[in-house]
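# Observations on the three-dimensional arrangement
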Amino acid sequence: MAGAAHADPLVDRIVEQLEASPSGCSAVAPGNPRRKTMEADIARFETLAPVPQDVQFEVKDCEVDGFVHKGQTIVVSVRLTRLPPSQRFFILAHELGHIQLQHHAAVSSFVAAAVSGAADEAAARAAVASGLSAVSHRNELAADAYAVRLMQQAGYDPLDAARLFDRIGTTQDNATHPSARRRAGAIRALL
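Residues numbered from 1 in each chain as written. Predicted model: local features only at pLDDT ≥ 70, side-chain atom pairs only at ≥ 80, totals over all residues. Heavy atoms only, no water.

### Examining the sheet that holds strand β1 (residues 56–60)
Ordered by their spatial adjacency, three strands build an open sheet running β1-β3-β2, and the pairing between neighbours is mixed. At either margin of the open sheet sits one strand with a lone partner, and together these are β1 and β2 (66–69). Direction aside, neighbouring strands of the sheet carry axes that sit 25 degrees apart on average. In this structure, β1 lies alongside strand β3 (residues 73–77), joined through five bridges in parallel fashion. (Pairing = 2+ DSSP bridges. Helix = DSSP H or I, 4+ residues; strand = E, 2+ residues; numbered from the N terminus. Axes fitted to C-alpha atoms, helices over the stretch in contact; angles between N-to-C directions.)

This is the structure we're talking about:
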């Protein structure tokens, strides 16, 4: 499922620059209790969710709760242990949603189209910057919806996902993610 290299190396460079990377995360010792909690969550998650065989999980100490790296590795932070199990499940399911819904490929295709229609690298980057937010927001909301369905199937209360965003409380969209308020509302609209 990992994205294939494109004929234009600029596409690969831009996609790589847009992607979250585990290089900004710290390793966590195997015996660390928070790591063990997350590993137990992942093991349970794999019994409840349709995780493809080529998908890998990494448990690190990251500033962000979770992300997908290179379209097939789900990186989760030990900081997730601050949340209740249902919300940790939601975040795992959300990241799996990005993989199952092929968001890495969608972003790569979007970037490839922007690069192919641009006169030079500066114009390509400007085209990516002008349209990426809409693509990214759609992907985030779709991954949320996917995660809510998995929560329901696994017996978790999907309102816990909305409560997670209620607690975050941001009211402004950013370049890559809809606001927490918007995400909570979209989750409630699914129920």
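### What to know about the environment of Gln17
Position of Gln17 relative to the elements: it lies in helix α1 (residues 9–18). Along the sequence, Gln17 and Pro52 sit 35 residues apart, while their C-alpha atoms lie 26 Å from each other.

### Some details on the environment of Asp41
Of note, Asp41 is situated in helix α2 (residues 33–48). Separated by 51 residues in the primary sequence, Asp41 and Leu92 place their C-alpha atoms 8.8 Å from one another. Excluding residues within four positions of it along the chain, Asp41 makes contact with Arg88 and Leu92. (Contact = heavy atoms within 4.5 Å.)

### Some details on the packing of α2 against helix α3 (residues 85–100)
Running from amino to carboxyl end, α2 crosses α3 at an angle of 60 degrees, the nearest separation of the two axes being 10 Å. One way to sum up the angle between α2 and α3 is to call them oblique. Judged by the twist between their axes, the crossing of α2 over α3 is right-handed. Counted together, Thr37, Met38, Asp41, Ile42, Phe45 and Leu48 of α2 and Arg88, Phe89, Leu92, Ala93 and Leu96 of α3 form the full contact between these two elements. Split into classes, the residues belonging to the contact of α2 with α3 amount to eight nonpolar, one polar and two charged. (Parallel < 35°, antiparallel > 145°, perpendicular 65-115°, else oblique. Left-handed = near helix turned anticlockwise from the far one by under 90°. Nonpolar A, V, L, I, M, F, W, Y, C, P; charged D, E, K, R; others polar.)

### Looking at the pattern of salt bridges
For the structure on display, the rule yields 15 salt bridges. Between Arg163 and Asp157 there is a salt bridge, and its shortest N-O distance comes to 3.4 Å. The exposure class assigned to Arg163 is partly exposed, which follows from its relative accessible area of 36%. The structure contains a network of salt bridges with shared partners spanning Arg13, Glu121 and Arg125. (Salt bridge = Lys/Arg side-chain N within 4 Å of Asp/Glu carboxyl O. Buried < 20%, exposed > 50% of the residue type's maximum accessible area, 1.4 Å probe, protein only.)

### Quick look at the environment of Ala161
One can find Ala161 in helix α6 (residues 159–168). What makes Ala161 buried here is its relative accessible area of 0%. Residues Ala161 and Ala184, 23 residues apart in the sequence, show an inter-C-alpha distance of 7.4 Å. For Ala161, the contacting residues outside a window of four places in its chain are Phe90, Met151 and Ile187.

### Observations concerning helix α5 (residues 121–154)
For α5, spanning 34 residues, the distance from its first C-alpha to its last is 46 Å, which sits close to the expected 50 Å at 1.5 Å a residue. One side-chain oxygen of the residue at the start of α5 lies 3.3 Å from the amide nitrogen of Ala122, identifying that residue as Asp120. Of the residues trailing α5, Gly155 is marked for its positive phi of about 90 degrees. (Expected span 1.5 Å × (residues − 1). Polar contact = N/O pair within 3.5 Å; in protein donor to acceptor, adjacent residues only side chain to side chain.)

### Some points on the pairing of β3
The buried fraction of β3 amounts to five of the five residues, a majority that puts the element mostly inside the structure. Of the two faces of β3, the one lined by Thr73, Val75 and Ser77 and the one lined by Ile74 and Val76 are each fully buried. Bridge count for β2 against β3 is four bridges, and the pairing is antiparallel. Bridge pairing in β3 links Val68 to Ile74. Between β2 and β3, which pair antiparallel and follow one another directly, the connecting turn spans three residues, one of which, Lys70, has a positive phi of 55 degrees.

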